[in-house]
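# Understanding the architecture of this molecule
Below, each chain spelled out in residue letters.
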Amino acid sequence: MSAVLDNHAPGDHAHDDHHAHVPTGWRRWVYATNHKDIGTMYLVFASTMFLVGGILAMLIRAELFEPGLQFFTPEFFNQLTTMHGLIMIFGAIMPAFVGFANWMVPLQVGASDMAFARMNNFSFWLLIPAALMLTGGFFMPGGAPATGWTMYAPLSLQMGMSMDSTIFAIHLMGASSIMGSINIIVTILNMRAPGMKLMKMPMFCWAWLITAYLLVAVMPVLAGAVTMTLTDRHFGTSFFNAANGGDPIMYQHIFWFFGHPEVYIMILPAFGIISQVIPAFSRKKLFGYTSMVYAIASIAILSFIVWAHHMFATGMPVTGQLFFMYSTMLIAVPTAVKVFNWTATMWRGSMTFETPMLFAVGFIFVFVIGGFSGLILALAPVDLQLHGTYYVVAHFHYVLVAAALFAMFAGYYYWCPKWTGVMYNETRGKIHFWWSLISFNVAFFPMHFLGLAGMPRRYADYPAQFTDLNMLVSVGAFLFGLAQVYFFLFVVLPTMRGQGEKAPQNPWEGAEGLEWEVPSPAPFHTFETPPKLDPTATRIIG
Amino acid sequence: MIKNISNKLVSCLRIPFVLLAAWASTAAHAVGDLPGGPSVWEFDLQPAASKIAEEQHWLNNGLMVVCAVIFVGVFGVMFYSIWKHRKSVGHKAAAFHESTAVEIAWTIVPFIILILVALPATKVIVAEKDTTNADLTIKVTGYQWMWGYDYLKGEGQGIDFISRLKPGMREMSRDGANKDGFPDDYLLGVDHPLVVPVNKKVRIITTSNDVIHSFSVPAFGVKQDAIPGFVRDTWFKADKVGTFYGSCTELCGKEHAYMPIEIKVLSAADYSAWVATEHKALANVPAGPDKVSALTGSNTVDVKASRS
C-alpha cells in the first residue's frame, strides 16, 4: 500500500540502505513501528468492531420492531445492549480516532514518526486480546455481561464470568489508550518541525493533544471502578455493598468521573477533523483559530466537573443538582462558539461539496441537534422525566453516531487519497452520505418522541402504544446499517485495492498542511529530516 | 403562552400519524391511548397530573422553543451561505478569519440565554426536593422484579403489599406476536395498584431489596432511584382523580421491562373506603419474614434468586 519513495534532501545518502527495505509479510504488521502501518491497523480493527457492534444493533432493532419477544430472551437482549455499547465505544470509536491520530499527527507536525514507535506497536496489539475477551463473553457460561455498558453495581455483582473477562479487557484497552496518549503528547510537544509553533499547529493536532491529556487523566479512574467491581465480586470487599459500609452510588460517581470526559474524548478529535475539512472546502482559513483552541481546552476542563448530571435521579441534594446543572449548561458556551466559528469559516468562502464537505456540514447539522437534546437533558427537572428513557438514547446516538462517526467519514474521504494513493469514487461517496444522513435521522429522531412519551431504555419489550415509532426506528436502523455495508464494500475496499483514479499530491484545492506536501500515497518514511517550513508552517521551503 | 402554542402545535402533529396508524393497523385490533399512561404516536411528555409535572412541561417546551429559534438562525445563515457562497456560482473567497468583537458577542449572548433558562429551573429543583409536611408517607421497595408498597404514616398506615405485573402479561410477551392485539395497559397494568388520595402531598421513600431500581411516574413528574441499603425520598401531589402509570427506569436484571407501576388516585371518600377494605383483607395475612411470599400468593418469585 505504501510506495518506497525516498523523501529526504538530495545528497543525504547515509540512510539509503536503512530504508530501502520495507518489511513484508506478517512481520510488517506484527512488528510494525511505522505510524502509517499502525494507523492502518487501528482503522481496520475499528472497522471490524464497528461491523460486529452494528450486527448487535440490528439484532436489538429486530427484537424491538414489534412488542412481544420474537427472537430473544430478555436476559440475552440485555447482553446485546451491553455489548453493543462496549464494542462501539471501546472497539470502534476510540481505536478509530487513534488510527486517525497515528496516521495524521506525525505528518501534520513534520515528525518522522511517533515518539515511541515500539510502544505504539504494543498499544495496538493489546487491543486484539482485549477484543477477544470482550466479545468472547457471549460464549461463556451465563453469556455476556447484561448490565448495560455502564456496569452499575450491585447488578454487576450478579453477572457471570464474562463480567470478569470484560473487566480484564477494559484494563488492557485502558493501558493501550494511556500509552497511545503518552505517545501523542510527547510527539506533539517534542517532535514538531522547527517553526511549527503550537499556535500554528493544525486543529486536528490540538484536538488530539487535549484528548490525550483527558485519556491519561480518566482511564485510570475507570480502571479503579472496574477493579473495585472485581474485588467486590471475588475478593470479599464491599466497596459497593451497603450492608458492609459500602455505597452503590460511589460506583456511579467513580464511573461517571471517567464517563463524562470519555464522551468528550470521543468528540474532540471529531471537532479537530471538521476544523480541517471545512476550511479546505470553503477555501478560507478557519475563523478564529485562537478561540477554537481555547474552546476545545475549556470543553475539556469543564468536562471534569459535570459528571453527576448522569445521576440526577439518584437522590442528590439540591446544591448538587444546581451545581451540576449549571456546569453542564456552561459547556454549551464553548461548544456554541465552535459551531459559530465553523459557520463563519463557510461564510463568504468559495465552497464546493465533495463528499468530505458533505459529511462535515452534515456533522454540524446532526451535532447541533444532539447538543440541544443534551442541553434539555441538562435541566435537572426535565431530566427527571427523561432520564432512563429513549430520549437519552437519541441524544447520545446523535452526538456519537451522527457526529463522531460522520466526522470520521469526513476524515476518511478527505485523507484517503493520501493514505491509498487513489481517489474514492465520488458518486458512491455521495450515495453513502445521503443514504446515511436520511436513514440515521429516520432511525434516531423518533427516539426523542419515544423518550418524551415515556418509553424506558434497556427494555426488551414495551407497552404497545410505542409500536409505531419503534417500527419506524427499526426500519431506519436497518437502512443505516446497510449504508455502512455499502460504504465498506463499494467505497473503502476499492480504494484499499488501489482501484480508482490516481490521486495527486493535493487533490483538494483549498487544503493546507504538511500532509499535502508529501506524495500520494504517503511514502513509508516521511520527514526523516525535519522539513524547513514557511512562516505559516503549512508549506515546505527549500 | 409559549406553552399553549407549542402544546397545540405538538398535539396537531399527532393527527396525520394517528390516521396513518389507524389505516395501517387493519389486520389486528390496534392499541389505543392509555389515559394516565402513554399514547400512540405521541410527540410530547405525558399529560401532567401534578403541578411539578406542569412546571417540567413548561421548562421543556420553553427550552425547546429557544433551541428551535437558535437552530433556525444558525442553519438559516449556513444554508444561505451554502447557496450563495459556492464556487460553482462564481463566489470568490473572502480573506477574513478573525474578529474579536464578534467572538465576544457570540460567547456572551449564549451565556446570558443559559442564565435566563437556569433561573426558572432552579426554582423547580428546590420545589421538587421539599418533602416536608407530607399528608401521607409511603415506602416503595424495589425488588427483582416487582414493587413493594408500605404505608408508613397518614391515612392507610399499616397497609403493605406487593405489586406485580398483571397475570398473563408476561406470558403474552414471551409468546411474541399476538394476533388479538395487545391490551391498552400491556406491560403497565399490575395486580395490586398503589392507591393514594387526590390533592394530598404524598411522600415516597424509596429503597431496594437487591439492585438499583428506579421509581418513575411521568404524569406526576416523579423519578427516584431505589438503592439497596439506602433510603431516598421524593414527593408528589396528584391534582386529578384517575389511574396513572409508570415504570422501572434503571436496568435491574432480566425482567427490568416487567415491573410497572400503577397508581390509582381516588377522591378523599373513596380513598377512606379503600383503606377500610385493605385493612380488613390484611388482617388475615401472617406477619413475619414470610410475609412477602404469603402476600404474593402461589407463584412466588424467590426475591433473592436473581442470577440473570
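This is a predicted model, so every value here is computed, not measured.

### Some words on the overall build of chain A
Scanning chain A from N- to C-terminus turns up 17 helices and zero strands. The C-alpha radius of gyration computed for chain A amounts to 23 Å, which stays within 12% of the reference 24 Å derived for 542 residues, consistent with globular compactness. The principal-axis extent of the C-alpha atoms belonging to chain A is close to 75 × 50 × 45 Å. Considering chain A as a whole, with its 542 residues, one finds that 62% of them fall into the buried category. Put simply, of all contacts in chain A between residues at least 6 apart along the chain, 82% involve residues at least 24 apart.

### Quick notes on the overall build of chain B
Looking only at helices and strands, chain B has six helices and ten strands in total. Summarising the internal contacts of chain B: among those between residues at least 6 apart in sequence, 68% fall at separations of at least 24.

### A few points about the domain arrangement of chain B
Residues and elements named next belong to chain B. Per the domain assignment, the segments of chain B are domain 1 (2–90 + 98–129) and domain 2 (136–296). The partner domain 2 presents 20 residues to the 19 residues of domain 1 that form the contact. Within the side of domain 1 that touches domain 2, the residues separate by chemical class into eleven nonpolar, seven polar and one charged.

### Quick look at the environment of A:P106
Residues and elements named next belong to chain A. Relative to the helices and strands, P106 is located in helix α4 (residues 74–109). Exposure remark for P106: the 29 C-beta atoms within 10 Å place this residue in the buried category. In the structure, P106 is positioned 408 residues away from L514 in sequence and 9.5 Å away in space, judged by C-alpha atoms. Discounting residues that sit within four places of it in the chain, P106 has contacts with H35, A111, S112, D113, M114 and T187.

### Focus on the confidence of the model for chain B
Across chain B, the average pLDDT comes to 88, with 83% of residues at 70 or higher. Confidence drops under a pLDDT of 50 for residues 293–308 of chain B, and excluding neighbours within four residues, the segment shows 22 contacts in the predicted structure.

### Brief notes about the interface of chain B and chain A
Listed per partner, the contact involves 87 residues of chain B and 80 residues of chain A. When contributions to the side of chain B that touches chain A are tallied by element, the ones reaching two or more residues are α2 (51–84), α3 (100–129), α4 (169–174), β6 (213–217) and β7 (222–226) of chain B. Broken down by class, the residue content of the side of chain B that touches chain A amounts to 43 nonpolar, 24 polar and 20 charged.

### Notes on the packing of helix α10 (residues 268–282) of chain A against helix α15 (residues 390–420) of chain A
All names here are of chain A. Where α10 contacts α15, the two axes come as close as 9 Å, and the packing angle between them is 45°. With respect to their mutual orientation, α10 and α15 come out oblique. In terms of crossing hand, the pair formed by α10 and α15 is left-handed. Between α10, through A270, I273, I274 and V277, and α15, the contact on the second element is made entirely by A403, A404, A407, A410, G411 and Y414. Counted by class, the contact of α10 with α15 contains nine nonpolar, one polar and no charged residues.

### Observations regarding α4(A)
All names here are of chain A. Under the 1.5 Å per step criterion, the end-to-end length of α4 is 50 Å for 36 residues, consistent within 8% with the ideal 52 Å. The largest bend in α4 comes to about 35°, at M88. Across the 36 residues that make up α4, a large majority, 33, are buried. In the stretch just after α4, G110 is the one whose phi turns positive, near 80°.

### A word on the sheet that holds strand β9 (residues 242–248) of chain B
Residues and elements named next belong to chain B. Read from one edge to the other, the open sheet built from five strands follows the order β4-β10-β9-β6-β7, with strand pairing classed as mixed. Strands at the two margins of the open sheet, each flanked by one partner only, are β4 (194–197) and β7. Strand-to-strand twist of the sheet, defined as the mean angle between neighbouring strand axes without regard to direction, takes the value 25°. Bridge count between β4 and strand β10 (residues 261–266): four bridges; the pairing is parallel. Following the sheet pairing, V196 is matched in β10 by V265. Contacting β4 and β10, helix α5 (residues 268–282) crosses the sheet at an angle of about 135° to β4.

### A closer look at unusual backbone geometry
Phi is mostly negative for residues that are not glycine, and the peptide bonds are mostly trans. The residue after A:S520, namely A:P521, is reached through a cis peptide bond having omega -5°. B:W145 follows B:Q144 through a cis peptide bond whose omega is 10°. Here B:W145 is to be found in the loop between β1 (136–143) and β2 (146–153). The phi dihedral of A:R283 falls on the positive side, at around 55°, and the residue is not glycine. You will see that A:R348, though not glycine, has its phi angle at about 60°, which is positive. Position of A:R348 relative to the elements: it lies in the loop between α12 (318–346) and α13 (355–378).

### Observations concerning the domain arrangement of chain A
Note: interface size is frequently given as the accessible area lost on complex formation between the parts. All names here are of chain A. For chain A, the assigned domains are domain 1 (25–240 + 512–542) and domain 2 (267–506). Just the C-alpha atoms count here: the centres of domain 1 and domain 2 sit 18 Å apart. The interface is formed by 40 residues belonging to domain 1 together with 43 residues belonging to domain 2. No other element matches α4, which puts eleven residues into the side of domain 1 that touches domain 2.

### Topic: the environment of B:S208
All names here are of chain B. Within the secondary structure, S208 is located in strand β5 (residues 202–208). On the basis of neighbour count, S208 is assigned to the buried category, with 28 C-beta atoms found within 10 Å. For the pair S208 and D160, spaced 48 residues apart in sequence, the C-alpha separation works out to 15 Å. Ignoring anything within four residues of it in the chain, the contact list for S208 reads T141, G142, H213, A226, I227 and P228.

### Focus: the sheet that holds strand β3 (residues 160–163) of chain B
Residues and elements named next belong to chain B. Spatial strand order, β3-β2-β1-β5-β8: five strands in an open sheet with mixed pairing. Taken across any chain shown, the strands that pair with only one partner, and hence form the sheet edges, are β3 and β8 (232–236). Strand-to-strand, the axes of this sheet are offset by a mean angle of 25°, without reference to chain direction. Alignment of β1 against β2, held across seven bridges, turns out to be antiparallel. Within β2, the position partnered with Y143 by the bridge is M146.

### A look at the pairing of β2(B)
All names here are of chain B. Connecting β1 to the next strand, β2, in antiparallel fashion are two residues. For β2 and β3, the ladder comprises four bridges, and the chain directions are antiparallel. Bridging from a neighbouring strand, W147 pairs with S163 of β3. The loop that links β2 with its antiparallel partner β3 comprises six residues; one of these, G154, has a positive phi angle of about 100°.

### Things to note about the nonpolar core
All names here are of chain A. Membership of the largest hydrophobic core comes to 271 residues, with the highest contact counts inside it found for I274, F363, A403 and A410. Top element by residues in this core is α15. It accounts for 24 residues. Leave out the neighbours within four places in its chain, and A410 touches I273, I274, V277, P356, F359, A360 and F363.

### With respect to α13(A)
Between its terminal C-alpha atoms α13(A) stretches 34 Å, which fits the 34 Å expected from 24 residues at 1.5 Å a residue. Here α13(A) lies mainly inside the structure; 23 of its 24 residues are buried.

Rules behind the numbers
Residues numbered from 1 in each chain as written. Chains lettered and ligands numbered in written order. Predicted model: local features only at pLDDT ≥ 70, side-chain atom pairs only at ≥ 80, totals over all residues. Helix = DSSP H or I, 4+ residues; strand = E, 2+ residues; numbered from the N terminus. Rg over C-alpha atoms; globule rule 2.2 N^0.38 Å. Buried ≥ 20, exposed ≤ 12 C-beta atoms within 10 Å, placed from the backbone. Contact = placed C-beta atoms within 7 Å. Domains from an automatic or database assignment. Nonpolar A, V, L, I, M, F, W, Y, C, P; charged D, E, K, R; others polar. pLDDT = per-residue confidence, 0-100. Axes fitted to C-alpha atoms, helices over the stretch in contact; angles between N-to-C directions. Parallel < 35°, antiparallel > 145°, perpendicular 65-115°, else oblique. Left-handed = near helix turned anticlockwise from the far one by under 90°. Expected span 1.5 Å × (residues − 1). Bend = angle between axes of the 7 residues up to and from the residue. Pairing = 2+ DSSP bridges. Core = buried A, V, L, I, M, F, W, Y, C linked by C-beta atoms within 7 Å.

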